[in-house]
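# Fold and geometry: a report
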Amino acid sequence: IESTSLLSSQMKKSAEQYQKACAVIPGGVTANIKYIAPHPIIMERGAGSKLYDVDGNEYIDYLLCYGALILGHGHSVVFEAISTQMREAGTTIFGTPHQLETVMAEKLIELYPGIEMVRYTNSGLEATLLAIRTAMAYTGKPKLAKFEGHYHGGYDQVLISVNPDMDQAGEARNPYAVPESKGVPDYYVENTIVLPFNDLEATEQILRTHKDELAAVILEPIQGGFIPAEPEFMKGLRKITEELGIVLIFDEVKTGFRLSLGGAQKIYGITPDITSLGKVLGGGFPVGAIGGKREIMMISAPDGGRDILTAGAANREKREVLFHSGTYNGHPTVLAAGLATIKTLEQAGVMNALFDHTQLLRKELEELYRNYGVTMQTVGKGSIFNIVLTEEPIKNYRDMGKANMQLRKEIDYELLKLGVYIKPLNRYSMSVVHSKEDIARTVEAHESALKRVRK
Ligand code: PLP
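Since the structure is predicted, the reported quantities are computational estimates derived from the model, not experimental observations.

This next bit is on the sheet that holds strand β3 (residues 58-61). Strand order in the open sheet formed by four strands is β1-β2-β3-β17, and the pairing between neighbours is mixed. On the outer flanks of this sheet lie β1 (43-47) and β17 (420-421), each paired with one strand and no other. Two elements, strand β2 (residues 50-53) and β3, share three bridges in a ladder whose sense is antiparallel. Residue pairing across strands places Y52 opposite E58, the latter belonging to β3.

Here we take up the nonpolar core. The biggest cluster of nonpolar side chains holds 113 residues, and the ones touching the most others in it are A135, A216, V217, V247, I249 and A289. With eight residues, helix α4 (residues 124-139) is the largest single contributor of residues to this core. Counting contributing residues, this core receives three or more from each of domain 1 (3-74 + 348-452) and domain 2 (76-346). Ignoring sequence-local partners within four residues, the contact set of V247 consists of A135, Y138, T139, A215, A216, D273, I274 and I296.

Time to look at the sheet that holds strand β14 (residues 288-292). Taken together, the seven strands give an open sheet; going across it, the order is β4-β14-β13-β12-β9-β5-β8, and neighbouring strands pair in mixed fashion. Whereas interior strands pair on both sides, the edge strands pair on one side only; in this sheet they are β4 (117-121) and β8 (192-195). Adjacent strand axes in the sheet meet at a mean angle of 20° when their direction is disregarded. Sheet topology note: the strand β5 (residues 143-147)/strand β9 (residues 214-219) ladder contains four bridges and is parallel.

As a further point, take the site of the ligand. Looking at the ligand, there are 13 residues lining it, with S123, G124, L125, G153 and V253 nearest. With three residues, the single largest contributor to the shell around the ligand is α4. Considered class by class, the residues forming the shell around the ligand number four nonpolar, six polar and three charged.

Here H331 is to be found in the loop between α10 (311-320) and α11 (332-346). Of the residues examined, H331 has 25 C-beta atoms within 10 Å and is grouped as buried. Along the chain, H331 and R133 lie 198 residues apart, while their C-alpha atoms are 22 Å from each other.

The next point concerns the confidence of the model for the protein. Looking at the protein as a whole, the pLDDT averages 95, with 95% of positions reaching at least 70. Both scores are available for the predicted complex, with the pTM at 0.96 and the ipTM at 0.99.

Following both chains from N to C, one finds helix α12 (residues 350-371) and helix α14 (residues 436-453) inclined at 25°, their axes separated by 10 Å at the closest point. What the angle tells us is that α12 and α14 run roughly parallel. Where α12 crosses over α14, the two elements pack in a sense that is right-handed. Contact residues: α12 offers H357, L360, L361, E364, L365 and L368, while α14 offers I439, T442, V443, H446 and E447.

Next up on the list: the domain arrangement of the protein. Taken as a whole, the protein is organised into domain 1 (3-74 + 348-452) and domain 2 (76-346). The straight-line distance from the C-alpha centre of domain 1 to that of domain 2 is 27 Å. Each partner contributes residues to the interface: domain 1 has 25 residues there, and domain 2 has 29 residues. Tallied by class, residues from the side of domain 1 that touches domain 2 come to 13 nonpolar, eight polar and four charged.

The topology assignment puts T275 in strand β13 (residues 274-277). Residue T275 is classed as buried on the basis of its 31 C-beta neighbours within 10 Å. Here the alpha-carbon distance between T275 and Y112, two residues 163 residues apart in the chain, equals 8.7 Å.

When the terminal C-alpha atoms of α12 are compared, their 32 Å separation across 22 residues agrees well with the 32 Å that a helix rising 1.5 Å per residue should span. Buried within α12 we find M351, L354, H357, T358, L361, R362, L365 and Y369. One side of α12 holds all its buried residues, which, seen down the axis, span an arc of 130°. Turned more than 90 degrees from where α12 packs its buried face, N352, A353, D356, E367, R370 and N371 sit exposed. Those residues of α12 hidden inside the fold are in contact with α11, β15 (377-381), β16 (384-388) and α14. Two residues or fewer after α12 comes G373, characterised by a positive phi angle close to 65°.

Cut-offs and rules
- Residues numbered from 1 in each chain as written.
- Predicted model: local features only at pLDDT ≥ 70, side-chain atom pairs only at ≥ 80, totals over all residues.
- Pairing = 2+ DSSP bridges.
- Helix = DSSP H or I, 4+ residues; strand = E, 2+ residues; numbered from the N terminus.
- Core = buried A, V, L, I, M, F, W, Y, C linked by C-beta atoms within 7 Å.
- Buried ≥ 20, exposed ≤ 12 C-beta atoms within 10 Å, placed from the backbone.
- Domains from an automatic or database assignment.
- Contact = placed C-beta atoms within 7 Å.
- Axes fitted to C-alpha atoms, helices over the stretch in contact; angles between N-to-C directions.
- Near = placed C-beta within 6 Å.
- Nonpolar A, V, L, I, M, F, W, Y, C, P; charged D, E, K, R; others polar.
- pLDDT = per-residue confidence, 0-100.
- Parallel < 35°, antiparallel > 145°, perpendicular 65-115°, else oblique.
- Left-handed = near helix turned anticlockwise from the far one by under 90°.
- Expected span 1.5 Å × (residues − 1).
- Arc of directions from axis to C-beta.

Below, the structure is given as structure tokens:
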């Protein structure tokens, strides 16, 4: 696509603002994935299902802060919860233990079959990092296995084979570990085993080969939030990891509170050893948590007030206890927002209405594309889906290579001009405030986009 035609003349202020940002922020973005060529759209305001940019354009938002905003923008229960919390506490944060940490932990234990104890972090990234360190501390083994195409945050250990080039990625059933970024030390490439998603036989073979060095297998139960693990695959993976003494980590940062209130584990009926959470848990604020089996989680419990200033004891403590810290861990204002969000989702009918609306949008889009003779399927589960322009089955990262990405990108750019905010090529996340009218407008926008790109 000609770069000049990518975004419209209605976005002049965004373009100007982006130029200013580029002078002081590398690439003008604070996360690489937030870049859109030729310039991102700079947002100024949100309300319900809508975003408004600096030029005053309105968008129906399907990014929803990468899925975090399940109640949409500026929901009154979140605003009320944080202001009440701060007013009553008289501060934003205590820096000490407080009651909401326990209240939220009890809620997570009630909802997630795999969670018996909880620790908080400040992001999904930190949650998976802590989950992996916990598994390594517990097993005493040095390596991690992850699946090709699965994202667990932007740090060295998991920036492996998230979106690898096929010419570097090896055989589909025995993929190579490919670093995703400059600066990832070789150590992590050498100590990360990459597995093929939804291929139980190949996964089992690789796990058996490396069983003595593997601390954990981490996976997104729904890859990228939209490609579901097959139930038999999940069952098999649980069975093998249990047999081989490998900790099974469900990264439910995307699926937590979205696939169901108890995440993917509740839907699949499979209990992981450790679960990582983030996104929805913070009600729109930075948050993460891990939860898991008591026996595993207790490895981070400080030892009964032992005086860690005594040299010998300090050294023993370092070796015997997993170190986990963070100035803002368990932030009370954030937990108040998260608890208010979960309480809203727990109200009768709320999750089902969200799923029904998501299904409706998927069905109407599928019908529309069929009428326009454009090969397309929606792939997803729960409140997240993606539009994939191929009829081939989509079961893993490599299958996505069969889709017509160029056409999808052209459609997405038209949608941005037509007031539907979708990060080009990204998945669609729905909120409880996306209405039938939003859905109708979205389908209309797709129709206009299809007409434009097929001219
Ligand atoms: N794990 C999964 C499955 C994610 O989707 C993400 C973020 O998209 C992360 C981890 C990292 O979370 P955060 O961006 O909060 O660090």
